[in-house]
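# Reading the structure
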Amino acid sequence: RLLEESIAIYDAEGDTHAAARAAYKLGRAIAFTGRRDEALARLEHAYEVISGDEPDEDLAMLAAMLARAYWFGGDLERSAARTELALDIAEAQGLPVPLATALRAKGAVLFSRGHREESFGVTKHALEVALEHDLAEDASTCYFLLSDRCFRRDRYAEALGYLEESLALANKMGSRPLEYGVLAERTYPLFMTGRWDDVVATTDEFTQEQVDSGGVVLGVLQSGVYVHVERGELDEARRILSLFSRLDGSTDIQDRN
């Protein structure tokens, strides 16, 4: 609501770039409530309004955000195109925030195209950029993404190490959504290493408010439901599953999976 009020004020003043800055924050917030189509439409509108202006940080950020949004929807071609635009602007003008975001987007596209080693290298560089410029949220997200690569190689201790780094940054910022996301993600390596009681200790504490807080908490759905099913605790498995009912009909490929 506050972001929408902000956009309305900027629009009334004719400050299209300030409205765009509010729009990509709003788009991100909406996306994490499961309304990715609405988020994408808002980002595309803001992009169209300023795309004819001189390239700047606002355009680079919108392009980077759109790149991520297209990737989540499975549109790799448009994701790649927006990624390259964001990188062109960010590198030419020395803009670390859109650079870190665009590098993460590029890593995602490379991963989806089967270039896993290249994706890992790009994501590690995104982390370096974030740490160099004290971008704690970006760095926390990069650690989170790097842990996922470890999952795919059965390197669970290493994954937990990345997630501990991510959690430390989330706590440093006081970001509850990031904290919830990392705690949820930790349940998968805990599950895979047989620490099922630790999984349950985390997943059973999650509430609807936490699930809807804007963190990436799909690990609760995966690990929590599975452990309870295997233990024959179907009521608790159903309870956790019901927390994610908003994912029904989602256009996000990751959510649907």
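Here, every reference points to the structure presented above.
Residues numbered from 1 in each chain as written. Predicted model: local features only at pLDDT ≥ 70, side-chain atom pairs only at ≥ 80, totals over all residues. Heavy atoms only, no water.

The subject of this paragraph is the overall build of the protein. Within the protein one finds 15 helices and zero strands. Compactness check: the protein gives a C-alpha radius of gyration of 19 Å against a globular reference of 18 Å for 257 residues, within 12% of the reference. For the C-alpha atoms alone, the extent of the protein along its principal axes is close to 60 × 35 × 35 Å. In the protein, which comprises 257 residues, the share counted as buried stands at 47%. Contacts in the protein between residues far apart in sequence, at least 24 positions, make up 57% of those at least 6 positions apart. As displayed, the protein has an accessible area near 12700 Å², and 50% of this comes from carbon and sulfur atoms. (Helix = DSSP H or I, 4+ residues; strand = E, 2+ residues; numbered from the N terminus. Rg over C-alpha atoms; globule rule 2.2 N^0.38 Å. Buried < 20%, exposed > 50% of the residue type's maximum accessible area, 1.4 Å probe, protein only. Contact = heavy atoms within 4.5 Å. Areas by Shrake-Rupley, 256 points an atom, 1.4 Å probe, with all protein chains shown as cover.)

This part covers empty space enclosed by the protein. Within this structure, the stated rule accounts for one cavity of 30 Å³ or more. Reported here for the largest cavity is a volume of approximately 150 Å³. Taken together, 16 residues form the lining of the largest cavity, with Phe-32, Arg-36, Gly-215, Arg-246 and Asp-255 sitting closest to its centre. Considered class by class, the residues forming the lining of the largest cavity number eight nonpolar, four polar and four charged. (1 Å grid on protein atoms, 1.4 Å probe; cavity = no way out; pocket = protein on both sides within 12 Å on 5 of 7 lines; lining within 4 Å. Points joined across faces, edges and corners; volume = space filled by probe spheres on them. Nonpolar A, V, L, I, M, F, W, Y, C, P; charged D, E, K, R; others polar.)

The next thing to look at is the packing of helix α7 (residues 116-132) against helix α8 (residues 136-152). At a closest axis distance of 8 Å, the pairing of α7 and α8 adopts a crossing angle of 155°. One way to sum up the angle between α7 and α8 is to call them roughly antiparallel. Considering how the two elements wind past one another, α7 and α8 form a crossing that is left-handed. From α7, Arg-116, Glu-117, Phe-120, Thr-123, Lys-124, Ala-126, Leu-127, Ala-130 and Leu-131 reach across to α8, where they touch Asp-138, Ala-139, Cys-142, Tyr-143, Leu-145, Leu-146, Arg-149 and Arg-152. (Axes fitted to C-alpha atoms, helices over the stretch in contact; angles between N-to-C directions. Parallel < 35°, antiparallel > 145°, perpendicular 65-115°, else oblique. Left-handed = near helix turned anticlockwise from the far one by under 90°.)

Now for the pattern of salt bridges. Under the defined criterion, the tally for this structure stands at 22 salt bridges. Its salt-bridge partner being Arg-149, residue Glu-117 comes within 3.1 Å of it at the nearest N-O pair. With a gap of 32 residues between them, Glu-117 in helix α7 and Arg-149 in helix α8 connect regions that are remote in the sequence. Two residues, Glu-117 and Arg-153, come together in a salt bridge whose shortest N-O distance is 3.8 Å. Of this pair, Glu-117 sits in helix α7 while Arg-153 sits in the loop between α8 and α9 (156-173), and the two are 36 residues apart along the sequence. The exposure class of Glu-117 is exposed, given its relative accessible area of 52%. Taking relative accessible area as the criterion, Arg-153 reaches 40% and is therefore assigned partly exposed. Because the salt bridges share partners, they merge into one network encompassing Glu-4, Glu-38 and Arg-42. (Salt bridge = Lys/Arg side-chain N within 4 Å of Asp/Glu carboxyl O.)

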